[in-house]
Amino acid sequence: MEQRLLDLPEDSVVILDFGSQYGHLIARRVRELGVYCWVLPPDTPLAEIRRHRPKGVILSGGPASVYDPGAPRCDPALWSAGLPVLGICYGMQLMVQALGGRVERAERREYGPARLRIQRPGELFAGLGAETGVWMSHGDSVERLPAGFRVLASTPNTPFAAVCDDSGRLFGVQFHPEVSHTERGRDILANFLFRICGCRPTWNMGDFIERAEAAIRRRVGEGRALCALSGGVDSAVAALLVHRAIGDRLTCVFVDTGLLRAGEVEEVRRAFGEELGIPLVVVDARQRFLQALRGVTDPEAKRKVVGETFIRVFEEEARRLEQRLGRIDFLVQGTTYPDVIESGTGGASTIKTHHNVGGLPPDMSFDLLEPIRDLFKDEVREVGRRLGLPAAIVDRQPFPGPGLAIRITGEVTEERLAIVREADRIVREEVERAGLTRSLWQAFAVLTSTRTVGVMGDSRSYGYAVAVRAVTSRDGMTADWARLPYEVLERIAIRIGNEVQGVNRVVYDITPKPPATIEWE
Ligand code: XMP
């Protein structure tokens with residue numbers, strides 16, 4: 001909380017996250033409806049919840065059973081706090097159990113679509129009609145309601161599919177209103193937010209930009225700020241917001257590690273330096289990274305070498321800039337809300353280690369400026385679009401901090417970097433040409449250390465095998481290989497074979513995560 005840049009939004013709700021696979025989805029739906037929300041750990045004390053001044057609380061689903069030892073619980077004071085509460089799935093079962101009802105382990109999980117019959121629409125189902133399709137995903141079920149509760153709706157398998165207490169403040173739904181398979185899920189959440197909690201839809205990116213700008217100006221005063229651009233959307237949008245607020249007192253540094261994708265340095269130089277007019281220093285550190293990586297083959301060792309080299313290069317550049325410009329007070333970080341949630345504290349600030357600026361020496365004491373720490377990725381993208389960031393950067397797929405170094409198995413050399421960079425360019429071009437870029441989490445090439453026999457013209461070749469990796473994913477934590485059309489795969493294979501020197505074989509990686517990771521190293 002102390003790290004907050006912006007004032008608390010007037011109308012917000014708190015989501016207690018019980019570990020649901022759909023946890024972040026609830027938050028995104030609520031935000032899309034124009035209401036700000038916080039995602040807090042399940043056991044957050046009521047006093048801490050109140051500090052956020054929410055107009056209501058949503059309890060997410062979760063993988064646990066309320067009967068498991070150590071199952072996550074919320075502060076029992078919440079039930080009588082007078083705040084509207086909507087329990088979803090596990091959240092509903094917790095509410096029912098805590099207030100004296102009974103939850104039973106079901107023999108079979110209920111998973112999939114179901115028809116919801118609405119007996120009492122009340123506020124929650126206002127405007128929905130008598131029947132609608134919902135999405136179920138639960139093991140346990142409510143068997144008996146606590147005193148003072150009644151049924152609002154049921155499905156053929158689930159008599160207590162939606163319930164409410166007599167005060168009209170505590171609601172529970174067994175289905176998932178946040179997933180798109182629940183036909184009127186958005187309306188149900190809207191009813192909770194607007195009719196029951198009394199929120200107004202005050203959260204939108206236009207206002208956010210205005211408020212962020214004013215807040216950054218207040219915080220930085222006459223000071224200076226420095227931002228390490230990574231080429232990705234988060235640091236770019238963070239830099240744009242700060243530049244809007246303090247103009248040329250922000251300097252951006254982009255380190256050319258030589259481990260970047262084809263065209264990336266030029267793109268950043270063009271977008272930031274030329275089109276957006278932001279002071280930009282591009283540091284050519286290619287040789288330095290190559291030297292540091294010489295002979296290093298272990299994946300973790302590579303990451304470490306890249307991270308440490310990055311810090312040293314950035315530090316030297318920062319000192320140079322301070323000599324030229326005077327003291328630099330702030331370091332801009334592209335921390336986003338999922339990073340904040342993952343840090344587990346709901347508020348503490350952690351430097352993104354994969355941005356590789358976590359290890360600056362203690363005498364380089366910058367204050368952190370994190371202008372997008374309240375935003376989800378889609379919100380970051382929208383802010384970027386509104387601020388004129390080119391689509392190529394706004395819609396960019398994730399790219400790991402250690403760059404191409406972890407997409408080459410074995411030693412990183414100039415020659416091998418050139419091969420993987422070319423192959424990667426072809427993969428991305430063909431995926432883009434097929435209109436598939438946005439539907440994929442990532443698509444890229446990996447240079448394996450395997451060399452195989454091939455034939456070209458009349459002669460035998462002995463070249464590298466390149467692996468193509470394309471995955472779909474919601475958050476990078478799990479992933480599935482993308483069913484790319486054969487024609488796209490074919491074009492990729494032919495072009496790599498023809499255009500990339502030293503490669504005579506292309507294979508497609510069809511492993512999901514788990515057991516594999518998305519990157520090869
Ligand atoms: P893995 O390979 O662990 O990757 O399945 C999951 C997602 O994270 C990205 N990734 C990284 N991003 N620094 C980053 O900024 C890293 O060191 C790093 N390693 C993996 C990866 O590209 C994928 O999207």
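Residues numbered from 1 in each chain as written. Predicted model: local features only at pLDDT ≥ 70, side-chain atom pairs only at ≥ 80, totals over all residues. Heavy atoms only, no water.

Asker: Mind showing me how you'd approach the overall build of the protein chain here?
Answerer: Per the secondary structure count, the protein chain includes 14 helices and 20 strands. Relative to its length of 521 residues, the protein chain is compact, with a C-alpha radius of gyration of 26 Å against a globular reference of 24 Å. C-alpha atoms of the protein chain, sized along the principal axes, occupy 80 × 65 × 40 Å. Out of the 521 residues belonging to the protein chain, those deemed buried represent 55%. Sequence separation of at least 24 residues holds for 75% of the intrachain contacts in the protein chain that already meet a minimum separation of 6. Accessible surface, the protein chain: about 22,400 Å² in total, of which carbon and sulfur atoms supply 49%. Taking the average place of the 67 positive charges on the side chains of the protein chain and the average place of its 70 negative ones, the gap between the two points comes to 1 Å. (Helix = DSSP H or I, 4+ residues; strand = E, 2+ residues; numbered from the N terminus. Rg over C-alpha atoms; globule rule 2.2 N^0.38 Å. Buried < 20%, exposed > 50% of the residue type's maximum accessible area, 1.4 Å probe, protein only. Contact = heavy atoms within 4.5 Å. Areas by Shrake-Rupley, 256 points an atom, 1.4 Å probe, with all protein chains shown as cover. Lys, Arg positive; Asp, Glu negative; His and termini not counted. Charge placed at Lys NZ, Arg CZ, Asp CG, Glu CD.)

Asker: Is there a simple way to explain the domain arrangement of the protein chain in this structure?
Answerer: A common way to report how large an interface is uses the accessible area buried once the components associate. Annotation of the protein chain at the domain level lists domain 1 (12-196), domain 2 (205-394) and domain 3 (408-508). In this structure, domain 2 and domain 3 have C-alpha centres spaced 29 Å apart. If you look at the interface, domain 2 gives 14 residues, while domain 3 gives 13 residues. Here domain 2 packs against domain 3, burying approximately 1,000 Å² in sum over the two surfaces, 54% of which is carbon and sulfur. Contact with domain 3 buries surface across domain 2, with Ala262, Leu290 and Lys302 losing the most and accounting together for 42% of the total. Of the residues forming the side of domain 2 that touches domain 3, the biggest block, three residues, is contributed by helix α8 (residues 286-293). Along the lines of polarity and charge, the residues of the side of domain 2 that touches domain 3 split into six nonpolar, four polar and four charged. (Domains from an automatic or database assignment. Buried area = accessible area lost by both parts, 1.4 Å probe. Nonpolar A, V, L, I, M, F, W, Y, C, P; charged D, E, K, R; others polar.)

Asker: Help me out: how do you make sense of the layout of surface pockets in this one?
Answerer: A water-sized probe, rolled over the atoms, reveals where empty space remains. Considering only enclosed or pocket space, the second largest pocket measures out at about 490 Å³ in volume. Lining the second largest pocket are 18 residues, with Ala392, Asp395, Arg428, Glu432 and Thr437 positioned closest to its centre. Counting residues per element, the lining of the second largest pocket draws most heavily on helix α13 (residues 414-433), at five residues. Here the residues of the lining of the second largest pocket sort into six nonpolar, three polar and nine charged. Looking at which domains feed residues into the lining of the second largest pocket, each of domain 2 (205-394) and domain 3 (408-508) supplies at least three. (1 Å grid on protein atoms, 1.4 Å probe; cavity = no way out; pocket = protein on both sides within 12 Å on 5 of 7 lines; lining within 4 Å. Points joined across faces, edges and corners; volume = space filled by probe spheres on them.)

Asker: Just checking my understanding: could you explain the site of the ligand for this structure?
Answerer: As a matter of local geometry, the ligand sits amid 13 residues, with Arg303, Gln442, Lys513, Ile518 and Glu519 nearest to it. At 2.8 Å from an oxygen atom of the ligand is found a side-chain nitrogen or oxygen belonging to Gln442. In isolation the ligand has 490 Å² of accessible area, and contact with the protein removes 79% of it. Tallied by class, the residues present in the shell around the ligand amount to five nonpolar, five polar and three charged. (Near = heavy atom within 4 Å. Polar contact = N/O pair within 3.5 Å; in protein donor to acceptor, adjacent residues only side chain to side chain.)

Asker: Please explain empty space enclosed by the protein as it appears in this structure.
Answerer: Enumeration according to the criterion identifies three cavities of 30 Å³ or more in this entry. Of the volumes computed, that of the second largest cavity is approximately 40 Å³. Looking at the second largest cavity, the residues that line it are Arg261, Gln397, Pro398, Arg407, Asp424, Arg428, Gln442, Ala443 and Phe444. Broken down by element, the lining of the second largest cavity gets its largest block of residues, three residues, from strand β17 (residues 442-456). Among the residues making up the lining of the second largest cavity, the classes are represented as three nonpolar, two polar and four charged.

Asker: Is there a simple way to think about the confidence of the model for the protein chain in this case?
Answerer: Parts of the model with low pLDDT should not have their predicted coordinates read in detail. Of all residues in the protein chain, 95% have pLDDT values of 70 or greater, and the mean over the chain is 92. Here residues 345-357 is a poorly scored stretch, pLDDT under 50, and it has 38 contacts once near neighbours within four places are set aside; other chains count. (pLDDT = per-residue confidence, 0-100.)

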